[in-house]
Amino acid sequence: MNFYSTNNPNHLVSLKEAVVKGLAPDQGLYMPVEIPVMSEEFFDKLPEMTFKEIGYEVIGTLFGDELSNEQIKELVDHTLAFDAPLVELEHDIFSLELFHGPTLAFKDFGARFCSKLMSILMAGESRKVRVLVATSGDTGSAVANGFFKVEGVEVIVLYPKGKVSELQEKQFTTLGENVMAIEVDGVFDDCQTLVKQAFLDKELNEKMLLTSANSINVARWIPQCLYYFYAISRLPKSGKKIVVSVPSGNFGNLGAGILAERMGLPIAQFIASTNINKVVPDFLGGSPFASKPSIGTISNSMDVGNPSNFYRLLALYANNEKLFREKVKGFYFDDADTRNAMIKVRDASGYIMDPHGTVGYLGLRNFMKMNPGEYIGIFLETAHPAKFKSVVDETLGIDLPIPDRLKEFMKGEKQILEMGNDFGEFRVFLTTDFTDGHR
Ligand SMILES: *Cc1c(COP(=O)(O)O)cnc(C)c1O
């Protein structure tokens, strides 16, 4: 599979180049040149297939030219190491729980796939392969855990001192081995600047292969299509049309759902559900696309005013805005709507939703009310409620227990390197072999 840049359809690159670069040099997003359609035979046997079997076939269809069967198996086994159960909440309304991975959020799927794929694609590389991540919290934990112990790749996480919650910090500072955490005396932007300076340093890049594993990387984006296939395969046969609601921020997750649909998966309707950062619902309602500064909400992983995957969504509909607006409906909700729904659902069924999943639930509920009896629906529950414990506790008046795998992180010992926000210091660090002492 080759990829083109959304800014230039004639700029074609290989899978390896798309993964190493992340973003095209013209700042465009990489997109598959062709989207293959899965066979009828595949869809016939889908309900009997395991999550991993689905993964082998879908990834095999996408990357069969670049990867051997063993590599595809290794990749899928590493990525789908935990389940994504579908839970019926109400009549015809299902929660797809994507939070059973190591950091309790759906980003684990993309991060795990990306790490393994990089390790496979860079196997022949003589230079050291290093992933640099600047984080204000969640990305660092998903990427660090995804790459933990993956051979041939080292991860360096830079985070602003005192600006990350203790739980988030523990998730990437206690791992050790091939993961190094650097506490920067500065703010998030300083971390990002250090990473950018490293990428621009010619001499450094001759010595080592620096890459970013950021959220728009195709290696993080594409594998997210797998749980859509799995979820639809587990829905009861109802004869009704299928609608999927995706709580969205940068819109990578929704884009992966559309990719699955373009590969033949029968999803009749998508719902783009957001908090009050609603530039995409506004666009879908007929306005021109216009980015805005982001606004803080209780579903803060979706506080995005300039969603980086917007042009990827448009490209999936061949830049046909009319078709895009037909297939995807937008809904947005404020914090009060979100808290009310969390309470209502808990009171009705005992099910505790995190604020992000709740926004997805609300979009689905609203759409189904407007189209009674026609659809069976799924919303993506993107994080475990304990990840947003303070909001959940405060809203529901409870003391939500922290899952064991989160508690494990709290027990670990923080191992970090402290650094100023000066590139010279970071550069010296990069030229040393920091991992050798750990092995
Ligand atoms: C990142 C994130 C989202 C938004 O996903 P996008 O792919 O950026 O739209 C939603 N919920 C949670 C919990 C997240 O961490």
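The protein appears in an unreviewed UniProt entry as Threonine synthase from Aquiflexum balticum DSM 16537. For the protein, the Cofactor (unreviewed entry) comment in UniProt is given as "pyridoxal 5'-phosphate". Recorded in UniProt under Catalytic activity (unreviewed entry), the annotation for the protein is "O-phospho-L-homoserine + H2O = L-threonine + phosphate".

Here the focus is the site of the ligand. Around the ligand lies a shell of 14 residues, among which Lys 107, Gly 249, Asn 250, Phe 251 and Thr 382 are the nearest. In this structure, Gly 249 approaches the ligand through a main-chain N or O atom, which is 2.8 Å from an oxygen atom. A distance of 2.8 Å is found between an oxygen atom of the ligand and a backbone nitrogen or oxygen belonging to Asn 250. Relative to its free-state accessible area of 380 Å², the ligand is covered by the protein chains to the extent of 95%. Of the residues assigned to the shell around the ligand, the class counts are 5 nonpolar, 8 polar and 1 charged.

This part covers the packing of helix 16 (residues 335-349) against helix 17 (residues 355-370). Between helix 16 and helix 17, the shortest axis-to-axis distance is 9 Å and the interhelical angle comes to 90°. Viewed along their axes, helix 16 and helix 17 adopt a mutual orientation that is roughly perpendicular. Judged by residue contacts, Asp 337, Thr 338, Ala 341, Met 342 and Val 345 of helix 16 engage Pro 355, Thr 358, Val 359, Tyr 361 and Leu 362 from helix 17.

Glancing now at the sheet that holds strand 3 (residues 30-32). If you trace the 3 strands from one edge of the open sheet to the other, you get 2-1-3, paired in antiparallel fashion. Of all the strands in the sheet, just strand 2 (8-13) and strand 3 have a single pairing partner and so form its edges. On average, adjacent strands in this sheet sit at an angle of 40° to one another, irrespective of strand direction. Examined bridge by bridge, strand 1 (residues 3-5) and strand 2 share 3 bridges and lie antiparallel to one another. Residue Tyr 4 lies in a different strand from strand 2, and its bridge partner there is Leu 12.

Counting residues in hydrophobic clusters, the biggest one holds 102 residues, and the most contacted among them are Phe 3, Val 58, Phe 63, Tyr 228, Phe 229 and Val 244. When residues of this core are assigned to domains, at least three fall in each of domain 1 (83-102 + 222-396) and domain 2 (108-220 + 411-436). Leave out the neighbours within four places in its chain, and Val 244 touches Tyr 228, Ile 232, Ile 267, Gln 269, Phe 270, Ile 271, Ile 378 and Leu 380.

The element strand 5 (residues 93-97) is extensively covered by neighbouring structure, given that 5 of its 5 residues are classed as buried. On strand 5, burial covers both faces: Ile 93, Ser 95 and Glu 97 on one face and Phe 94 and Leu 96 on the other are all buried. Summarising the sheet, strand 4 (residues 86-90) and strand 5 pair through 4 bridges and their orientation is antiparallel. The residue bridging Val 87 from the neighbouring strand is Ser 95, located in strand 5. Linking strand 4 to strand 5, which pair antiparallel, is a turn of 2 residues; within it Asp 92 sits at a positive phi near 65°. Sheet topology places strand 5 next to strand 13 (residues 375-381); 5 bridges connect them, and they run parallel. Note that in strand 13 the partner of Leu 96 across the bridge is Leu 380.

What follows deals with the UniProt feature "domain: Tryptophan synthase beta chain-like PALP" (unreviewed entry) in the protein. Per the UniProt record, the feature "domain: Tryptophan synthase beta chain-like PALP" (unreviewed entry) sits at residues 91-366. Annotated as residues 91-366, this span is 45% helix and 17% strand, and its ends, taken at the C-alpha atoms, are 14 Å apart.

Here the focus is the domain arrangement of the protein. The domain architecture assigned to the protein consists of domain 1 (83-102 + 222-396) and domain 2 (108-220 + 411-436). Using only C-alpha atoms to locate each centre, domain 1 and domain 2 end up separated by 30 Å. Across the contact, 15 residues belong to domain 1 and 12 residues belong to domain 2. Both faces combined, the contact of domain 1 with domain 2 buries some 1100 Å², and carbon together with sulfur accounts for 56% of it. There are 0 salt bridges connecting domain 1 and domain 2. Where domain 1 touches domain 2, the interface holds 2 residue pairs in polar contact (both at pLDDT 80 or more). Across the side of domain 1 that touches domain 2, the residue classes break down as 7 nonpolar, 6 polar and 2 charged.

Our next topic: unusual backbone geometry. When glycine is set aside, most residues are seen to have a negative phi, and most peptide bonds are trans. Even without glycine at this site, Leu 104 takes up a positive phi of about 65°. Relative to the elements of secondary structure, Leu 104 occurs in the loop between strand 5 and helix 5 (107-121). Here Leu 104 falls in the buried class, since its relative accessible area comes to 0%. Residue Asn 319 is not a glycine yet carries a positive backbone phi of 60°. On the secondary structure map, Asn 319 appears in the loop between helix 14 (310-316) and helix 15 (321-327). What makes Asn 319 exposed here is its relative accessible area of 55%.

Once that is clear, we can look at the environment of Met 122. When you line up the elements, Met 122 lands in the loop between helix 5 and strand 6 (128-134). For the pair Met 122 and Tyr 230, spaced 108 residues apart in sequence, the C-alpha separation works out to 29 Å. Leave out the neighbours within four places in its chain, and Met 122 touches Lys 16, Val 20, Val 129 and Leu 209.

What counts as what
Residues numbered from 1 in each chain as written. Predicted model: local features only at pLDDT ≥ 70, side-chain atom pairs only at ≥ 80, totals over all residues. Heavy atoms only, no water. UniProt positions renumbered as here; feature names shortened; annotations may be inferred. Near = heavy atom within 4 Å. Polar contact = N/O pair within 3.5 Å; in protein donor to acceptor, adjacent residues only side chain to side chain. Areas by Shrake-Rupley, 256 points an atom, 1.4 Å probe, with all protein chains shown as cover. Nonpolar A, V, L, I, M, F, W, Y, C, P; charged D, E, K, R; others polar. Axes fitted to C-alpha atoms, helices over the stretch in contact; angles between N-to-C directions. Helix = DSSP H or I, 4+ residues; strand = E, 2+ residues; numbered from the N terminus. Parallel < 35°, antiparallel > 145°, perpendicular 65-115°, else oblique. Contact = heavy atoms within 4.5 Å. Pairing = 2+ DSSP bridges. Core = buried A, V, L, I, M, F, W, Y, C linked by side-chain atoms within 4.5 Å. Buried < 20%, exposed > 50% of the residue type's maximum accessible area, 1.4 Å probe, protein only. Domains from an automatic or database assignment. Buried area = accessible area lost by both parts, 1.4 Å probe. Salt bridge = Lys/Arg side-chain N within 4 Å of Asp/Glu carboxyl O.

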